[in-house]
Amino acid sequence: MTLASLTGFIVLAIAAQTALWAGIVLLRHRREYASLRTRVRGNSVASSAAGSTKKPSGWDGFRPFRVERKVYEDKAHTICSFYLVPGDGAPLPPFQPGQYLTLQLEVIGPEDGEPRPVTRCYSLSDRPRPEYYRVTVKRVPAPAGCTDVPPGRISSHLHDGVQEGDQILVKAPSGPFHLRDRGLSPLALAGGGIGITPMLSMVETLLHEGSKREIWLFYGVRDGAEQVMTQRLEELAANHPNLHLLVSYSRPGEQDIAGPYRRHGRVGIDLLRITLPRQVETFYVCGPPALMESLVPDLEAWGIPPDQIHYETFGPASVKRRQRPAVTAPGEPFTVTFANSGKHLAWDPNAGSLLEFAEANGIEVNSGCRSGACGGCQTAVKEGDLDYLQPPEADVEPGTCLLCISTPKGDLTLSA
Ligand SMILES: Cc1cc2nc3c(=O)[nH]c(=O)nc-3n(C[C@H](O)[C@H](O)[C@H](O)COP(=O)(O)OP(=O)(O)OC[C@H]3O[C@@H](n4cnc5c(N)ncnc54)[C@H](O)[C@@H]3O)c2cc1C
C-alpha cells in the first residue's frame, strides 16, 4: 500500500466516524427535542387547568343535600360549620378554593306567616373533597340597638332550626373570587371575622397539594372567643414553614395574649407593609365593610396593581374603587313600580342596583350573592327595559331579571 492510499484510507475512516457521530448526536437531539415539546405541552395544559377561571362542572339548579354534621367552631357558639353530603351519595365535583354555595331554605315569611324559599350564599370553608362540602355560618343578630328588627333570617334558621339529618337544597359551587393560579409566587390572604372562610379553603387546598409558595394569612378578629379553627390553623402553620399565620385581635380579651401567631391590633395596610416582603404581589381580601373599604384602596395606594387585588364582600359593603358611576343622567325621572308592593318610586341613579333601590325603600325581595351568580333575586319584569351592570352568571329565565346587577333603562314595572 502506498503512502498516498494509506492517507486516503485514514481520512475516509475519520470522515465516516465523524459522520456516524454527528448522526447519533442529531438523532439524540431530535429525541430530546420531541420529549421536551411533549413535556412543555403537558405543563402548559396542567398550569392552564390549575389557573383556569372556568367553572368546574357542577349541576343545574338546586340539588338535595343532607346536613351530616354541625360543628361549632368558636368559644362563643356563634359560628357553626355544616358538613353537607349529597342526597344521592354521588361523588362531589371539585371547586375553586374561594367559591361559595348557594343554599335554599324554606322559612316562614314575616309578612304573611307562610313558608317561602329564601336563598343565601356561603363560602366553602374546606378544600375540595368528593364526600362532602363544608360551609361555616356566623349567626347574624339584629343591628345593635334595634329591638324591633328580627335577627338574620337564614343564619338564625341554620343555627336553631336546621338539625343533623335535615335536608337543604344546594346550587353547585360558583363565584369569581377564587385562587387564580397555582404558581409559586408569594401570596397574601386577609380575612376579617367570618370573611376568613374562603381563605381557609385556599390555605387547606394549597397545603394539601404540597404547594411550597409562601402564604401570609392575616386573620382579623375581635377576640379569641370569636376566633374559629384556632387549633387547626396553628397546626398547619407549625407543620408548614411556608404558611405565615398572623391573628390580630382588635379588642383582645384577658386570655388573648400576644405571642407566636397572635398579636393585638387591626389588620390594615400598616401591618401588611411591615410584615410582607416586597415580592408579594397577589392579595385576596374578604371581611366586614370597615376592612374592605380601607384595605382595598390602601393596597392600591401602596402600588399593588388593581388586577392583583382580589376581594369579596359578604353583604352590601361598597369598596370605594369600584363604586359604579350613576347610570341615569340627572333630570331623567324614571319611575320604578313594584307591583306586588304597590309602590311607584322615582329611580335614584345613585342607588347602585334595583336590589339596593328596593331594599332602601323597604321592599321585601329575596337576594343571595348580590353579584348575579346565584339567581336568588330573580324577579319578573312586567313592563319596561333594563341594563345589566355586568353579565349575569346565573341563568336568567325569559321575562325576568336579576335585581342585584340591573338598573332601569326607563320606566319599569317589576312584580316584587
Ligand atoms: C359570596 C358570599 C359568601 C358568603 N359567605 C359567608 C360565610 O362563609 N359565612 C357566613 O356566615 N356568611 C357568609 N355570607 C353572608 C350570608 O350570605 C348572609 O348574608 C348572612 O348569613 C346573613 O343572612 P341572614 O338571612 O341571616 O340575615 P338577613 O335576614 O339577610 O338580615 C341581615 C341583617 O339585616 C337585619 N334586618 C332584618 N330585617 C330588617 C329590617 N326590616 N330592617 C333593618 N334591618 C333588618 C337583620 O337583623 C340582620 O342584622 C356570604 C355572602 C356572600 C354574598
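Summarised in this report is the structure supplied together with it.

1. Description of the overall build of the protein chain
Secondary structure assignment for the protein chain yields seven helices and 19 strands. Here the protein chain displays about 21700 Å² of accessible surface, and carbon together with sulfur accounts for 55% of that area.

2. Comments concerning the nonpolar core
Core analysis: the biggest nonpolar cluster contains 28 residues, and Leu189, Met199, Val203, Ile215, Leu217, Leu243 and Tyr284 have the highest contact counts within it. Secondary-structure elements contributing two or more residues to this core are strand S7 (187-192), helix H3 (197-208), strand S8 (215-221), helix H4 (230-239), strand S9 (243-249) and strand S11 (282-286). Broken down by element, the residue count for this core peaks at six residues, all from H3.

3. Focus on the site of the ligand
The ligand sits among 26 residues. The nearest are Cys121, Tyr122, Lys138, Pro150 and Ser155. A distance of 2.9 Å separates a nitrogen atom of the ligand from a polar backbone atom of Thr136. Between an oxygen atom of the ligand and a side-chain N or O atom of Ser155, the distance comes to 2.6 Å. Calculation on the ligand without its partners gives an accessible area of 980 Å², and the protein chains cover 75% of this total. Per-element tally for the shell around the ligand: the top contributor is strand S4 (residues 115-123), with four residues. Tallied by class, the residues present in the shell around the ligand amount to 15 nonpolar, seven polar and four charged.

4. So, the pattern of salt bridges
For the structure shown, the criterion picks out twelve salt bridges. Across the salt bridge formed by Asp126 and Arg129, the nearest N and O atoms sit 2.9 Å from each other. Note that Arg232 is salt-bridged to Glu235, the shortest N-O span being 3.7 Å. Residue Arg232 and its partner Glu235 are located together in helix H4, separated by three residues, close to a single helical turn.

5. Focus on the packing of H3 against H4
Between H3 and H4, the least distance of the axes is 12 Å, while the angle of their chain directions is 35°. Between H3 and H4 lies a crossing whose hand is left-handed. Seen from H3, the contacting residues are Leu200, Val203, Glu204 and Leu207; seen from H4, they are Arg232, Leu233 and Leu236. Tallied by class, residues from the contact of H3 with H4 come to five nonpolar, no polar and two charged.

6. Some remarks on helix H2 (residues 153-161)
Spacing of three or four residues puts side chains on the same side of an α-helix, whose turn is 3.6 residues. Those residues of H2 not exposed but buried are Ile154, Ser155, Ser156, Leu158 and His159. Buried residues in H2 make contact with strand S1 (62-72), strand S2 (79-86), strand S3 (100-108), S4, strand S5 (133-138) and strand S6 (167-174).

7. A closer look at the side chain of Arg63
Within the fold, Arg63 resides in strand S1. Judged by its relative accessible area of 13%, Arg63 is buried. A distance of 3.0 Å separates the side chain of Arg63 from the side chain of Asp88, its partner in a polar contact.

8. Digging into the packing of aromatic side chains
Here the structure, examined in full by the defined rule, presents nine aromatic pairs. Measuring from ring centre to ring centre gives 6.0 Å for Phe65 and Tyr133, while their planes differ by 15°; the resulting arrangement is stacked. Here Phe65 is found in strand S1, whereas its partner Tyr133 is found in strand S5, with 68 residues between them in sequence. Classification of Tyr133 as buried rests on a relative accessible area of 1%. Aromatic rings pair up to connect Trp59, Phe65, Phe95 and Tyr133 into one cluster. Against the face of Trp59 rests Arg63, its NZ or CZ located 4.6 Å from the ring centre. If you follow Arg69 out to its NZ or CZ, it ends over the ring of Tyr83, 4.0 Å from the centre.

9. Side note on the sheet that holds S6
Strand order in the open sheet formed by six strands is S4-S3-S6-S1-S2-S5, with antiparallel pairing between adjacent strands. A single partner strand is all that each edge strand has here, and the edge strands are S4 and S5. Geometrically, the sheet is characterised by an average inter-axis angle of 40° between neighbouring strands, direction not taken into account. Note that S1 and S6 share five bridges and pair antiparallel. Its bridge partner being in S6, Phe65 is matched across the sheet by Ile168. Its contacts with the sheet place H2 against S1, S2, S3, S4, S5 and S6, and it is angled at close to 85° to S3.

10. A short note on helix H6 (residues 289-301)
The end-to-end C-alpha distance of H6, which contains 13 residues, comes to 18 Å, matching closely the 18 Å that a straight helix rising 1.5 Å per residue would cover. Those residues of H6 lying buried are Leu291, Met292, Leu295, Val296 and Leu299. Projected down its long axis, H6 carries its buried residues within an arc of 100°, all on one side. H6 presents Ala290 and Ala301 as exposed residues on the side facing more than 90 degrees away from its buried surface. Structurally, H6 contributes buried residues whose contacts are with S7, helix H5 (269-275), S11 and strand S12 (309-312). Downstream of H6 by one or two residues, Gly303 has phi in the positive range, about 105°.

Cut-offs and rules
Residues numbered from 1 in each chain as written. Predicted model: local features only at pLDDT ≥ 70, side-chain atom pairs only at ≥ 80, totals over all residues. Heavy atoms only, no water. Helix = DSSP H or I, 4+ residues; strand = E, 2+ residues; numbered from the N terminus. Areas by Shrake-Rupley, 256 points an atom, 1.4 Å probe, with all protein chains shown as cover. Core = buried A, V, L, I, M, F, W, Y, C linked by side-chain atoms within 4.5 Å. Buried < 20%, exposed > 50% of the residue type's maximum accessible area, 1.4 Å probe, protein only. Near = heavy atom within 4 Å. Polar contact = N/O pair within 3.5 Å; in protein donor to acceptor, adjacent residues only side chain to side chain. Nonpolar A, V, L, I, M, F, W, Y, C, P; charged D, E, K, R; others polar. Salt bridge = Lys/Arg side-chain N within 4 Å of Asp/Glu carboxyl O. Axes fitted to C-alpha atoms, helices over the stretch in contact; angles between N-to-C directions. Left-handed = near helix turned anticlockwise from the far one by under 90°. Contact = heavy atoms within 4.5 Å. Phe/Tyr/Trp six-rings, centres within 6.5 Å; stacked < 30°, edge-to-face > 60°. Lys NZ or Arg CZ within 6 Å of the ring centre and 35° of its normal. Pairing = 2+ DSSP bridges. Expected span 1.5 Å × (residues − 1). Arc of directions from axis to C-beta.

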